[in-house]
Amino acid sequence: MAGIYIYSDKGPLAAELVGFAKTTGKAVNIVTFDQNSAASAAEYGADKVYLLAGDSLLVENNARAAAKFLMNEEAELFLVGSTPRGRDIAARIAGYLQCAMVSDVSSIVINDGQVSTERMIYGGAVIQSEMIDGMAVLTIPPGKFEAASGTAEIATVNINADSRVSLITTAPIVKKGVDISAADKIVCIGLGMEKKQDMQIAQDLAQVLGAEISCTRGIAEERQWLPQYIGISGETVKPSLYLSMGVSGQVQHVVGMREAQIIVGIDINDKAPIFDAADYGIVGDMFEIVPLLIQEIKNI
Amino acid sequence: MGKVIACYKWVPDEADIKINSDHTIDLSKAKWKISDYDKNAIEAAVQAAQVLEGKAVSLTFGGANAKSSLKDALSRGPDEACWINSDLASEADGFVTATVLAAAVRKMEDVSLVICAEGASDTYARQITPRLGAELDWPVITSVSNISINGNTIRAERQLDDCIQTVEAELPAVISVLPEVNDAPLPSLKAVIAASKKPVTELGDKDLGITDLTSKTRVQSQKAYVMIRKNIIFTEGDALDQVKELVGNLKKEGIL
Ligand SMILES: Cc1cc2nc3c(=O)[nH]c(=O)nc-3n(C[C@H](O)[C@H](O)[C@H](O)COP(=O)(O)OP(=O)(O)OC[C@H]3O[C@@H](n4cnc5c(N)ncnc54)[C@H](O)[C@@H]3O)c2cc1C
């Protein structure tokens, strides 16, 4: 059946995509690959939920069969939640269908069968708008649309999953601490902080401010001091206060925090781009500035 | 003993983008570079080629100015470079790029492994690895943070948002590596000198025998994101005075 098809490995995100798809007046179908996801998806307000039942433990292994299914159904648009698995299966399906794909779109307008999208390029410095005729695959990050709800029937379609990549083990990542995407104040550390024990000054500042601690990509991914980081490939945050120390402020980081109410940067380099992104800044050594700042805030 | 291909993109440095008064962008002053994370893909390919006792080949699809990238790429360790020189590259979408790269890989013969980075620093669309895998209909492994190769089997750790998966596939395969997979060292002077002697294959898109290379998406506009901030920066004077100024301002803002 023609219409919009939706997939996300994160249920709530699938419900948000249904919320958008319903505004187009087209038939809205969710694609799932396992029984549990299908049962949850049946409450997200779609017209129909498809369970493409293969036998692979890796979602991405269903790409080839899902592409064939979407082609047979004459899908007009395939919306996929932008997560690592979602981006992978979406692009593989676009590859098998040899169709258009736009990644991580921030806006979608559908008009007379044409799809117009906006997305960020150059790390977030530039917004690009694109136009597509015909079938398109779009990936969409969370938080863009209101989730829908309502019951749908489930139709099971048997498929053959690709078995060439096999899963050997899975180790869950246990994210300790709070979810920074909801934090009201954030103290952010960057690679300018060289020793893990120095994080104490950031912790002390966070404590007097009632803030959460976050970081740039290198601190989380290379040094693995903290679980979550801010930026184009990490989290997007909107705190009332974002205060950084030892963060140069490259666009790929700034894009994740530039909607904060107030941005403060502390950096030793007066040319650091963080100062272009900041409301207030101090050019100085964080090990001198931050202890003074903690004291001044305590004095209030 | 097949080849290991490292794909990379030659991109303008996003830090050099100038914004015109109408918010359009000016790239004419930008320096160009090998997309940051592609350096890790090149290093991963060099390491994998050693294990497989094959050749590492760098592959780029770029316009005339990508010629400058070849020596830079080769100085990072590959044995050979391949450049698909085409004006189509500047406006290529994921479909066109994956189609061209797949055709180049097919033409090279005896390829065991293709390694890309997770995304390019200009578009960061993160499509090419899965699309290229689909074009070739090879197994695909994305988000790889660790690789081991044993005989004809690749075992990889995938760093996802909620778990780390260990997966396995038989070669040939297409994978994308995260920048954390290795440290891509700066090339030594010796490596830079050696790079000029390494073989380069240059092909046009016409040499690849592809009939349809029309992008499926049409770019309508590119506008700079304009940041409007107060930019009150304390640069001079006593650190305590600066801190007092900052605290005073944050109080006024209602933050403290
Ligand atoms: C495709 C792509 C995606 C990316 N995604 C992200 C992302 O999502 N998030 C992200 O954060 N990055 C991302 N990056 C990386 C990004 O480009 C920057 O490299 C990174 O943000 C820099 O991190 P940093 O500011 O911690 O370190 P650096 O750039 O090394 O800056 C360190 C700063 O500390 C300052 N400093 C040093 N010592 C002191 C001191 N004693 N006191 C005060 N200041 C000091 C220095 O002056 C410098 O400005 C991405 C890059 C690419 C190519």
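What you see is a predicted model; the values in this text were computed from it and never measured.

Calculation criteria
Residues numbered from 1 in each chain as written. Chains lettered and ligands numbered in written order. Predicted model: local features only at pLDDT ≥ 70, side-chain atom pairs only at ≥ 80, totals over all residues. Heavy atoms only, no water. Pairing = 2+ DSSP bridges. Helix = DSSP H or I, 4+ residues; strand = E, 2+ residues; numbered from the N terminus. Axes fitted to C-alpha atoms, helices over the stretch in contact; angles between N-to-C directions. Near = heavy atom within 4 Å. Polar contact = N/O pair within 3.5 Å; in protein donor to acceptor, adjacent residues only side chain to side chain. Areas by Shrake-Rupley, 256 points an atom, 1.4 Å probe, with all protein chains shown as cover. Nonpolar A, V, L, I, M, F, W, Y, C, P; charged D, E, K, R; others polar. Salt bridge = Lys/Arg side-chain N within 4 Å of Asp/Glu carboxyl O. Buried < 20%, exposed > 50% of the residue type's maximum accessible area, 1.4 Å probe, protein only. Domains from an automatic or database assignment. Contact = heavy atoms within 4.5 Å.

### Details of the sheet that holds strand S13 (residues 212-215) of chain A
Sheet strands line up and pair through hydrogen bonds in the backbone, either parallel or antiparallel.
Reasoning step 1: Across the sheet, 6 strands lie side by side as S13(A)-S12(A)-S14(A)-S15(A)-S16(A)-S15(B); this open sheet has parallel pairing. Pairing within the sheet leaves two strands with one partner each, and these edge strands are S13 of chain A together with strand S15 (232-234) of chain B. Each strand of the sheet is rotated relative to its neighbour by a mean of 20 degrees, with strand direction disregarded.
Reasoning step 2: Two strands pair when backbone bridges link them, and strand S16 (residues 280-283) of chain A and S15(B) are joined in this way by 3 bridges, in the parallel orientation. Bridge pairing in S15(B) places Ile282(A) opposite Phe234(B).

### Re the site of the ligand
Reasoning step 1: Not every one of the 28 residues close to the ligand is listed here, only the nearest: Leu191(A), Thr216(A), Ser248(A), Gln252(A) and Asp267(A).
Reasoning step 2: Bordering the ligand are residues originating from chains A and B.
Reasoning step 3: In the model, an oxygen atom of the ligand is placed 3.2 Å from a nitrogen or oxygen of the Gly246(A) main chain.
Reasoning step 4: Contact distances for the ligand include 3.2 Å between a nitrogen atom and a backbone N or O atom of Ile268(A).
Reasoning step 5: Here the ligand has 980 Å² of accessible area as a free molecule, and 82% of this is covered by the chains.
Reasoning step 6: Of all the elements in the fold, those that place two or more residues in the shell around the ligand are helix H7 (251-254) and helix H9 (286-299) of chain A.
Reasoning step 7: Here the shell around the ligand is built from residues that sort into 10 nonpolar, 14 polar and 4 charged.

### A few points about the pattern of salt bridges
Reasoning step 1: In total, this model carries 33 salt bridges over all chains according to the counting rule given.
Reasoning step 2: Asp122(B) is the salt-bridge partner of Lys9(B), the closest N and O atoms lying 3.0 Å from each other. One end of the pair, Lys9(B), is in the loop between strand S1 (3-8) and strand S2 (10-12); the other, Asp122(B), is in the loop between strand S8 (111-117) and helix H4 (128-136), with 113 residues separating them in the sequence.
Reasoning step 3: Residue Lys9(B) is classed as partly exposed on the basis of its relative accessible area of 29%.
Reasoning step 4: Note that Lys206(B) and Asp205(B) form a salt bridge whose closest N and O atoms lie 3.5 Å from each other.
Reasoning step 5: For Lys206(B), a relative accessible area of 73% translates into the label exposed.
Reasoning step 6: For Asp205(B), a relative accessible area of 14% translates into the label buried.
Reasoning step 7: Put simply, Asp9(A), Lys10(A), Arg85(A), Asp161(B) and Asp162(B) are held in one network by salt bridges that share partners.

### As for the pairing of strand S12 (residues 173-177) of chain B
Residue and element names in this part refer to chain B.
Reasoning step 1: Of all 5 residues that make up S12, 5 are buried, and the element is covered over most of its length.
Reasoning step 2: Because side chains alternate across S12, one face comprises the buried residues Ala-173, Ile-175 and Val-177, and the other comprises Val-174 and Ser-176, equally buried.
Reasoning step 3: In this structure, S8 lies alongside S12, joined through 5 bridges in parallel fashion. The residue bridging Ile-115 from the neighbouring strand is Ile-175, located in S12.
Reasoning step 4: Bridging between strand S9 (residues 140-150) and S12 involves 3 bridges; their strand directions are parallel. Paired with Ile-141 across the bridge in S12 is Ile-175.

### Section: the domain arrangement of chain B
Reasoning step 1: Domain annotation of chain B identifies domain 1 (3-208) and domain 2 (226-256).
Reasoning step 2: Look at where the C-alpha atoms of domain 1 of chain B and domain 2 of chain B centre, and you get two points 44 Å apart.

### A word on the side chain of Asp279(A)
Reasoning step 1: Along the chain, Asp279(A) falls in the loop between helix H8 (274-277) and S16.
Reasoning step 2: Looking at Asp279(A), the relative accessible area reads 3%, which means it is buried.
Reasoning step 3: Setting aside residues no more than four positions away along its own chain, Asp279(A) makes contact with Gln261(A), Ile262(A), Ile263(A), Arg229(B), Lys230(B), Asn231(B) and Ile232(B).

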